[in-house]
Amino acid sequence: MPSTLAHAPKPIHKVLIANRGEIAWRILRTAREMGIETVAVFSEADRYAPHVRHADWAFPIGPPPSTASYLRGGHLIQLALEQECQAIHPGYGFLSENASFAKAVEEAGLLLVGPSSKSMEAMGNKVAAKQAVAGYEIPLVPGTDHPVSDPNQAAEIAEGIGFPLLIKAAAGGGGKGMRIVTKIEELNESLNLAISEATNAFGNGSVFLEKYIAAPRHIEIQLMADDFGNIIYLFERECSIQRRHQKLIEEAPSSCLDPSLRIAMGEAAVRVALACGYRNAGTVEFLLDENNRFYFLEMNTRLQVEHPVTEYITGLDLVRLQFEITAGLPLSIRQEDLRINGHSIELRICAEDPRNQFLPDLGKLIRFHPPQGPGIRLDSGYEEGMDIPVHYDPLLAKLIVHAPDRLAAIARMKRALDEFELSGPATTLDFGRWVMSQRDFVEGRFDTGFIAKYFRGSESLDTPLPPWESSAEGNPLSFSEEIAIAAVVLQHQFSSQEVQNSQPDAPFVSDAWHQLWKNN
Ligand code: ADP
């Protein structure tokens, strides 16, 4: 059954990119390859950003604070209309999951490169999302599927869930709005604090209770859905290396999924998309517990930061697919055409100091000389000499590697990090190098508590570690051991049906776009 009413295909000749930094430049690149003209927007702080220079047109939209620039939805829509754009690509963050903005875009007669405002509304709030998937056989984290504010009711529910538990903001995002409660005595105070924090941070004080899953892994499924009822899953990404519940390193495929679990999670993700009539790129996030049971967390109704690892292992350009779907074309790939090709890892290069609790560290990018060579991709929003503005997310760039298997990808990431010359603000580069040398990471034995368990800031980064044999914690591998593990991993992969280095038979780039272009 089609997820929304299919409309007649309509080419996109010009798009306004309502974002900044690496994602604005990344969208611009695909748009250019597809023959779509680009309109960039920039705040005063981003006047010299590369995406501004590379766009066909660029317009100032206000002072640096995002509320005065990138979040002025009405202004951006007006600009898109004046510039005769057919579409707006929101990227991630800013207005990308704002259902009222999506609705305003629709009402202005423009296309949003993303889902409908209705699906966004259904999935935009964690409580609403849980309610929306009821009846679709989606395993939920034990807890409430409705907001809780009454202390007596909360105590009753908490006793049922057990401790520790999490109080989460329904409108939360970016790892914010979560509070762990370890015993009943803490509940009342935590509930009040959580409600006032949620009100201040998200303008919505609605909170709910959820069981705190011990030592989970964060596994998410990338989906693509068109207007014709076709939904495919592009396998998983593992994003368990997190600080403050925010991702720092992502990889695909996950080192802990076997083919049957991959199919089960992929199909569950497709059911989530069906539950909200989803169209375009979306991601269904799950937690996987120690017994390989998975639980639905939420759906992100947009392109994600970590999408390049999926692009590497599938050979697909996700932004291209987004544009094709938005233009009303059917998906040109079927589920059975998809294969996992090798392994990909992404490190988020953030201007924050791992020696100082990952707090933002801004300043001028004095030297910025990224690595090159086979299997390396850098998606950056900055160039040497630029000042990093205080107003936005500290993500400077993403370093993504691709190799035939996980061990080779780790070796490639290490090599790339060794080559990377960056000076100015403190960044997560040396933290990335440290993770790639940790025995538990290399052997695929980790969960979302990895940083808390092993990472000790400057002690980890600045003290030469003893050989792994004599170290119980933060244990790097010797080179010979890496080689030995590589042999075992390779053997395992050759026996797995799912991980193949073959390209699929079906073409990944459809001709439909060019046909549409020619005929319009
Ligand atoms: P956000 O929308 O802020 O990103 P999520 O619900 O997606 O919040 O969760 C972000 C991260 O927080 C997860 O990847 C996980 O590390 C942690 N987390 C969330 N819910 C739970 C839970 N019930 N138990 C344990 N960890 C959780």
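A brief structural summary. (Residues numbered from 1 in each chain as written. Predicted model: local features only at pLDDT ≥ 70, side-chain atom pairs only at ≥ 80, totals over all residues. Heavy atoms only, no water.)

Once that is clear, we can look at the site of the ligand. Near the ligand there are 22 residues, and of these Lys126, Gly175, His218, Gln242 and Glu298 occur at the shortest range. One of the backbone N or O atoms of Gly175 is found 2.6 Å from an oxygen atom in the ligand. Interatomic distance of 2.9 Å between a side-chain N/O atom of Glu210 and a nitrogen atom of the ligand. In isolation the ligand offers 550 Å² of accessible surface; the protein chains occlude 95% of this area. Mapped by element, the contributors of at least two residues to the shell around the ligand are β6 (165-169), β8 (207-211), β12 (280-288) and β13 (294-300). A class-by-class count of the residues in the shell around the ligand yields seven nonpolar, eight polar and seven charged. Taken together, domain 2 (142-211) and domain 3 (214-335) each give at least three residues to the shell around the ligand, which thus spans both. (Near = heavy atom within 4 Å. Polar contact = N/O pair within 3.5 Å; in protein donor to acceptor, adjacent residues only side chain to side chain. Areas by Shrake-Rupley, 256 points an atom, 1.4 Å probe, with all protein chains shown as cover. Helix = DSSP H or I, 4+ residues; strand = E, 2+ residues; numbered from the N terminus. Nonpolar A, V, L, I, M, F, W, Y, C, P; charged D, E, K, R; others polar. Domains from an automatic or database assignment.)

It is the contact of helix α12 (residues 406-419) with helix α13 (residues 429-436), at a shortest axis distance of 10 Å, that shows an interaxial angle of 150°. As far as their axial angle goes, α13 and α12 are roughly antiparallel. Crossing of α12 against α13: the hand is left-handed. Facing α12, whose interface residues are Ile410, Met413, Lys414, Leu417 and Asp418, α13 presents Leu429, Gly432, Arg433 and Met436. (Axes fitted to C-alpha atoms, helices over the stretch in contact; angles between N-to-C directions. Parallel < 35°, antiparallel > 145°, perpendicular 65-115°, else oblique. Left-handed = near helix turned anticlockwise from the far one by under 90°. Contact = heavy atoms within 4.5 Å.)

Applying the stated criterion to the full structure yields 16 aromatic pairs. Where Phe286 meets Phe296, the ring centres are 6.5 Å apart and the plane angle is 70°; that geometry is what we call edge-to-face. Of this pair, Phe286 sits in strand β12 while Phe296 sits in strand β13, and the two are 10 residues apart along the sequence. Judged by its relative accessible area of 0%, Phe296 is buried. Members of the aromatic cluster, each reached through a chain of ring pairs, are Phe358, Phe431, Trp434, Phe441, Phe446, Phe450, Tyr454 and Phe455. Directly above the ring of Trp57 sits Lys14, whose terminal nitrogen or CZ lies 4.0 Å from the centroid. A cation over an aromatic ring shows up here: Arg406 above the ring of Phe441, its NZ or CZ 4.7 Å from the ring centre. (Phe/Tyr/Trp six-rings, centres within 6.5 Å; stacked < 30°, edge-to-face > 60°. Buried < 20%, exposed > 50% of the residue type's maximum accessible area, 1.4 Å probe, protein only. Lys NZ or Arg CZ within 6 Å of the ring centre and 35° of its normal.)

Taken as a whole, this structure holds 40 salt bridges when the rule is applied. Across the salt bridge formed by Glu311 and Arg26, the nearest N and O atoms sit 2.9 Å from each other. Pair noted here: Glu311 is in helix α10 (residues 307-314) and Arg26 is in helix α1 (residues 21-33), with a separation of 285 residues, a long-range link. With respect to burial, Glu311 and Arg26 carry one shared label: buried. In this structure, Glu285 and Lys247 form a salt bridge, with 2.7 Å as the shortest nitrogen-oxygen distance. Residue Glu285 is located in strand β12, and its partner Lys247 is located in strand β11 (residues 246-252); the two are separated by 38 residues in the primary sequence. Assigned by exposure class, Glu285 and Lys247 land together as buried. Salt bridges sharing partners connect three or more residues here, namely Glu220, Arg237, Lys247, Glu250, Glu285, Glu306 and Arg348. (Salt bridge = Lys/Arg side-chain N within 4 Å of Asp/Glu carboxyl O.)

Geometrically, a packed helix pair is captured by the angle between its two axes and the distance between the axes. Between helix α4 (residues 99-107) and helix α5 (residues 117-124), whose axes approach to 8 Å, the crossing angle comes to 175°. Taken together, the axis directions place α4 and α5 in an arrangement best described as roughly antiparallel. Here α4 contributes Ala99, Ala102, Lys103 and Glu106 to the contact with α5, which in turn contributes Ser117, Met120 and Glu121. When the residues that make up the contact of α4 with α5 are grouped by side-chain class, the tally is three nonpolar, one polar and three charged.

The next subject is the environment of Ile77. The topology assignment puts Ile77 in helix α3 (residues 73-82). As a C-alpha pair, Ile77 and Ala104 span 27 residues in sequence and 8.0 Å in three-dimensional space. Sequence-distant contacts of Ile77, that is, excluding residues within four places in its chain, are made with Ile88, Phe101, Ala104, Val105, Ala108 and Leu110.

Counting buried residues in strand β9 (residues 217-225) gives nine out of nine residues, a clear majority hidden from the surface. The side-chain alternation of β9 yields two buried faces, one formed by Arg217, Ile219, Ile221, Leu223 and Ala225 and the other by His218, Glu220, Gln222 and Met224. Here nine bridges tie β9 to β12, and the two strands are oriented antiparallel to one another. Counterpart to Leu223 in the pairing with β12 is Gly282. Relative to strand β10 (residues 231-243), β9 runs antiparallel, the two sharing six bridges. For Glu220, the partnering residue across the bridge sits in β10 and is Arg237. (Pairing = 2+ DSSP bridges.)

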